[in-house]
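Observations on the model geometry
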Amino acid sequence: GAEFSYTTHQKGRLIAAPSVGNIITQMVGGMVEAQIGARATVGAAIAALAAGCTLLPLAASSSFSLAFLLLAAQGFFFGPMFPANSLVLSRWLNPSERGWAMAQGELAISLASMGVPLLIASIESGLGWRAGFYTTGFGCTAYLAIWLMLASNRPSECTYLSPEEAKVIREGQRGPDAYPVGESNDAEAPPASAGGKKHIDADTS
């Protein structure tokens, strides 16, 4: 801020800019995921974070308005990520595992929130604040590449999921999202006619 002679008010607006964009789209995150899928939704959020961190030094050097718009756009694309993440967990994990998975996710966020600022502060002190943003942008880009290689919207779309793992998910969820296209979640249930006939015979005996 001192380098560009930003006022205290302008600094506050820059800090709030990602939240402004985030609030707009977080409420409709589930709708966004339903249209383009969790893989694309989370991928867009990570890509926006990578682009925002990489371009912010240049934007801040150009003008305050450009820096604000860049940060707001970053939050705009990042907003749907958490609702999409919840939907991914519901499709991939059995009900008994979702609470544990959510807790692990929150723990990871907390650890990253503590560890990353310390790392970036060390980089900033030695190489300058721009290097901190470039490092974060590079890290997000690497994570994006891994996400796009490994992520799938549903277990039925995953190419490396073993039959045994798919069976565990099917039997644990018993829901339509866990089944491949064309396979009913009642495939292993006893025929309704057999059950109905047995009930009639019992009543007439």
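As a starting point, this report considers the structure included with it. All figures in this text were calculated on a predicted structure; none of them were measured in a lab. (Residues numbered from 1 in each chain as written. Predicted model: local features only at pLDDT ≥ 70, side-chain atom pairs only at ≥ 80, totals over all residues. Heavy atoms only, no water.)

**Notes on the overall build of the protein**
Summing up its helical and strand segments, the protein has nine helices and zero strands in all. Shown N-terminal to C-terminal, the secondary structure of the protein runs as helices and strands in the order α-α-α-α-α-α-α-α-α. Within the protein, contacts between residues separated by at least 24 positions form 73% of all contacts whose residues are at least 6 apart in sequence. Here the protein displays about 12,700 Å² of accessible surface, and carbon together with sulfur accounts for 67% of that area. (Helix = DSSP H or I, 4+ residues; strand = E, 2+ residues; numbered from the N terminus. Contact = heavy atoms within 4.5 Å. Areas by Shrake-Rupley, 256 points an atom, 1.4 Å probe, with all protein chains shown as cover.)

**Let's talk about a nonpolar patch on the surface**
Side chains of Val20, Ile24, Phe76 and Phe77 sit close together on the surface and give an oily, nonpolar patch of about 370 Å² of accessible area. Breaking the nonpolar patch down by element, the ones donating at least two residues are α1 (8-26) and α4 (64-78). The topology assignment puts isoleucine 24 in helix α1. Under the relative-accessibility criterion, isoleucine 24 is labelled exposed at 52%. (Patch = residues over 30% accessible without salt bridge, like charges linked within 9 Å, V, L, I, M, F, W, Y side chains within 5 Å. Salt bridge = Lys/Arg side-chain N within 4 Å of Asp/Glu carboxyl O. Buried < 20%, exposed > 50% of the residue type's maximum accessible area, 1.4 Å probe, protein only.)

**Structural notes on the packing of aromatic side chains**
Tallied over the full model, the rule gives four aromatic pairs. Seen from their ring centres, phenylalanine 76 and phenylalanine 77 are 5.8 Å apart, and the 80° between their planes marks the pair as edge-to-face. Put simply, the rings of Tyr6, Phe64 and Phe68 touch in pairs and so form one group of aromatic residues. The cationic tip of arginine 13 hangs over the ring face of phenylalanine 68; the distance from NZ or CZ to the ring centre is 5.2 Å. (Phe/Tyr/Trp six-rings, centres within 6.5 Å; stacked < 30°, edge-to-face > 60°. Lys NZ or Arg CZ within 6 Å of the ring centre and 35° of its normal.)

**Concerning helix α5 (residues 81-92)**
Helix length check: α5 (12 residues) gives 16 Å between terminal C-alpha atoms against 16 Å at 1.5 Å per residue, within 8%. Taken together, the buried positions of α5 are Met81, Ala84, Val88, Leu89 and Arg91. The arc that holds the buried residues of α5, viewed along the axis, is 165°, so those residues lie on one side. Buried residues along α5 sit against α2 (29-36), α3 (38-62), α4, α6 (95-127) and α8 (163-173). (Expected span 1.5 Å × (residues − 1). Arc of directions from axis to C-beta.)

**A word on the nonpolar core**
Taken as a class, soluble globular proteins show a tendency for nonpolar side chains to be buried jointly. Residues Tyr6, Leu14, Ala17, Leu56, Ala59, Ala60, Phe64, Ala67, Phe68, Leu70 and Leu71 constitute the largest nonpolar core, which totals 11 residues. Broken down by element, this core gets its largest block of residues, five residues, from α4. Ignoring anything within four residues of it in the chain, the contact list for leucine 56 reads Ala67, Leu70, Leu71 and Phe133. Within the second largest apolar cluster, 10 residues are counted, among which are Ala45, Ile46, Ala84 and Cys140. (Core = buried A, V, L, I, M, F, W, Y, C linked by side-chain atoms within 4.5 Å.)

**Focus: the environment of leucine 150**
Residue position: leucine 150 is located in helix α7 (residues 129-150). Among the residues examined, leucine 150 registers a relative accessible area of 47% and is labelled partly exposed. Measuring from C-alpha to C-alpha, the distance between leucine 150 and arginine 39 comes to 9.5 Å, with 111 residues separating the pair along the chain.

**Considering the packing of α3 against α4**
Between α3 and α4, the least distance of the axes is 8 Å, while the angle of their chain directions is 175°. The angle between α3 and α4 falls in the class roughly antiparallel. Contacts between α3 and α4 pair Ala44, Ala45, Ala48, Leu49, Gly52, Cys53, Leu55, Leu56, Ala59, Ala60 and Ser62 from the former with Leu66, Ala67, Leu70, Leu71, Gln74, Phe77 and Phe78 from the latter. When its residues are assigned to classes, the contact of α3 with α4 shows 15 nonpolar, three polar and no charged. (Axes fitted to C-alpha atoms, helices over the stretch in contact; angles between N-to-C directions. Parallel < 35°, antiparallel > 145°, perpendicular 65-115°, else oblique. Nonpolar A, V, L, I, M, F, W, Y, C, P; charged D, E, K, R; others polar.)

**Some words on the pattern of salt bridges**
Under the definition given, this model contains two salt bridges. The salt bridge involving arginine 91 is made with glutamate 33; its shortest N-O contact spans 2.6 Å. Pair noted here: arginine 91 is in helix α5 and glutamate 33 is in helix α2, with a separation of 58 residues, a long-range link. Comparing arginine 91 with glutamate 33, the two get one shared label, buried. Across the salt bridge formed by glutamate 157 and arginine 154, the nearest N and O atoms sit 3.9 Å from each other. Arginine 154 gets classed as partly exposed once you look at its relative accessible area, which sits at 25%.

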